[in-house]
Amino acid sequence: MSVVSVRASRVLIPMDAEYQKDHLKAYGIAYWTLSKDLKVQWLLNYRGGSFLLPDSEEIRKECTIRGVSYEVLSDNKAKGILDEISSPAKNQEAVVLEKAPRIVVYSPKGNAPWDDAVTMVLTYAEIPYDVVYDEEVLADKLLMYDWLHLHHEDFTGQYGKFYRAYKMAPWYIEQKKEAEKLAAKLGYDKVSEAKLAVALKIRDYVVGGGFMFAMCSATDSFDIALSAEGVDICEPMFDGDPSDPNYQSRIDYDKTFAFTGFALERDPNVYEFSSIDMTAKRRIAREVDYFTLMEFSAKWDPVPTMLCQNHTALIKGFMGQTTSFNRGEVKSSVLVLGENKANGEARYIHGIKGKGFFTFYGGHDPEDYQHRVGDPKTELELHPNSPGYRLILNNILFPAAKKKKHKT
């Protein structure tokens, strides 16, 4: 949709359900504009979290090429919208986005038998990113980036707890062999030791001011690895020797980002890391599996408000190795951004660590309810207005925001 006004000076990219043809590519336009050294205003809670851009023929053309709906506004119309947003009576805010964040994804070099929702949506939205893995992380390459994504990864050295179902599968055998080879190359006797070293580097990256976004098993396995520093929690089929006796009593919850009081799953044949994940405890029929985004004050709490921008507050649930988080094991210092209250589960959480931020999002693929190993990837062309994928893209733009002193 394009409405041309006389003396046009601003481009509005609406993000409500009625007027935006492709919500996901709209984020790509915002990122592309930032990459041209132009500023973008993110209109929190205004028409689904719309974007206000400078007007130019180039921007209009890019919107048209990418299939993104836009409106061209006069100076007076744009000023009227900003005045309306600034009213104390409105739970809205205009946040200035200043610079395109440098994005990196932590991912193994080979072809994994599952897809990564974040790399899929970055590619679809035409947002550029780099890829790193253990070698680059241990060589401090993360310092080159503003935003880091972790997905279907196991930082505990237990190969995703896939042992029972896939120990004879060629991909599992090959991944285990490659992981052991890489750990040895990096100077470690065990994969668990190499993964802990990587987790500690990621921790330091966040503490130093980085932004980390994790999904699926990267969420709880990351915290578990930090909590088990110096403790062997791996059984012989994973690392060649027994785990430490009574290792549960040696878990240090003070070292984690988000979770506390959890109990580890000792059985190597159980496809679960700990009590954090709610997958096996869920009693929700698929047709009613939704979670609700929390409402925050846009003027007083712009950070969680940014992360919750959407054209609906009700998001379809989706499964993963780590589907959701036990509400009782989320630290009190961590904000719950999305929850299924009836089931006592948090789906989407955010916190501060040192000078940096982290967001954990449960589940594997927002548009594939129960993605299984080897299933075909989601075609995002079929889901251009996905509310679940919008949450990922909110996190990608978040580091671009002009930082204000927190009022709370």
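Everything here concerns the structure above.
Residues numbered from 1 in each chain as written. Predicted model: local features only at pLDDT ≥ 70, side-chain atom pairs only at ≥ 80, totals over all residues. Heavy atoms only, no water.

**Q** Pulling in residues and values, what's your account of the side chain of D223?
**A** Tracing the backbone shows D223 in helix α9 (residues 217–227). Of the side chains with opposite charge, K331 comes closest to the buried, unpaired D223, at an N-O distance of 6.3 Å. Looking at D223, its side chain comes within polar contact range of the main-chain nitrogen of A258, at 2.8 Å. Ignoring sequence-local partners within four residues, the contact set of D223 consists of T256, F257, A258, F259 and F360. (Helix = DSSP H or I, 4+ residues; strand = E, 2+ residues; numbered from the N terminus. Buried < 20%, exposed > 50% of the residue type's maximum accessible area, 1.4 Å probe, protein only. Lys, Arg positive; Asp, Glu negative; His and termini not counted. Salt bridge = Lys/Arg side-chain N within 4 Å of Asp/Glu carboxyl O. Polar contact = N/O pair within 3.5 Å; in protein donor to acceptor, adjacent residues only side chain to side chain. Contact = heavy atoms within 4.5 Å.)

**Q** Please set out the packing of aromatic side chains residue by residue, giving values where relevant.
**A** For the structure on display, the rule yields 19 aromatic pairs. Grouping aromatic residues by their ring pairs yields a cluster made of Y106, Y133, F155, F222, F257, F259, F325, F358 and F360. A cation sits over an aromatic face here: R266 above Y247, 4.0 Å from the ring centre. Over the ring of F318 we find R347; its NZ or CZ atom is 5.0 Å from the centre of that ring. (Phe/Tyr/Trp six-rings, centres within 6.5 Å; stacked < 30°, edge-to-face > 60°. Lys NZ or Arg CZ within 6 Å of the ring centre and 35° of its normal.)

**Q** Lay out the nonpolar core with the relevant residues and their values.
**A** With 63 residues, the main nonpolar core has I13, F51, L97, M215, Y361, I392 and L397 as its most contacted residues. Among the elements that make up this core, the one with the highest residue count is helix α1 (residues 23–35) (eight residues). (Core = buried A, V, L, I, M, F, W, Y, C linked by side-chain atoms within 4.5 Å.)

**Q** Help me get a handle on unusual backbone geometry, residues and values and all.
**A** Despite not being glycine, N45 has its phi angle at roughly 65°, a positive value. Relative to the helices and strands, N45 resides in the loop between β2 (40–44) and β3 (50–54). The partly exposed category is assigned to N45, whose relative accessible area is 30%. Its identity as a non-glycine residue notwithstanding, C216 has a phi of 50°, on the positive side. Mapped onto the fold, C216 is located in the loop between β9 (211–215) and α9.

**Q** Just give me the short version of the packing of α1 against helix α4 (residues 117–125), but keep the residues and values in it.
**A** At a minimum axis separation of 8 Å, α1 and α4 run at an interaxial angle of 70°. On the basis of their axis angle, the class for α1 and α4 is roughly perpendicular. The hand of the α1/α4 crossing is right-handed. Across the interface between the two elements, L24, K25 and G28 from α1 touch V121, Y124 and A125 from α4. Of the residues that constitute the contact of α1 with α4, the class distribution is four nonpolar, one polar and one charged. (Axes fitted to C-alpha atoms, helices over the stretch in contact; angles between N-to-C directions. Parallel < 35°, antiparallel > 145°, perpendicular 65-115°, else oblique. Left-handed = near helix turned anticlockwise from the far one by under 90°. Nonpolar A, V, L, I, M, F, W, Y, C, P; charged D, E, K, R; others polar.)

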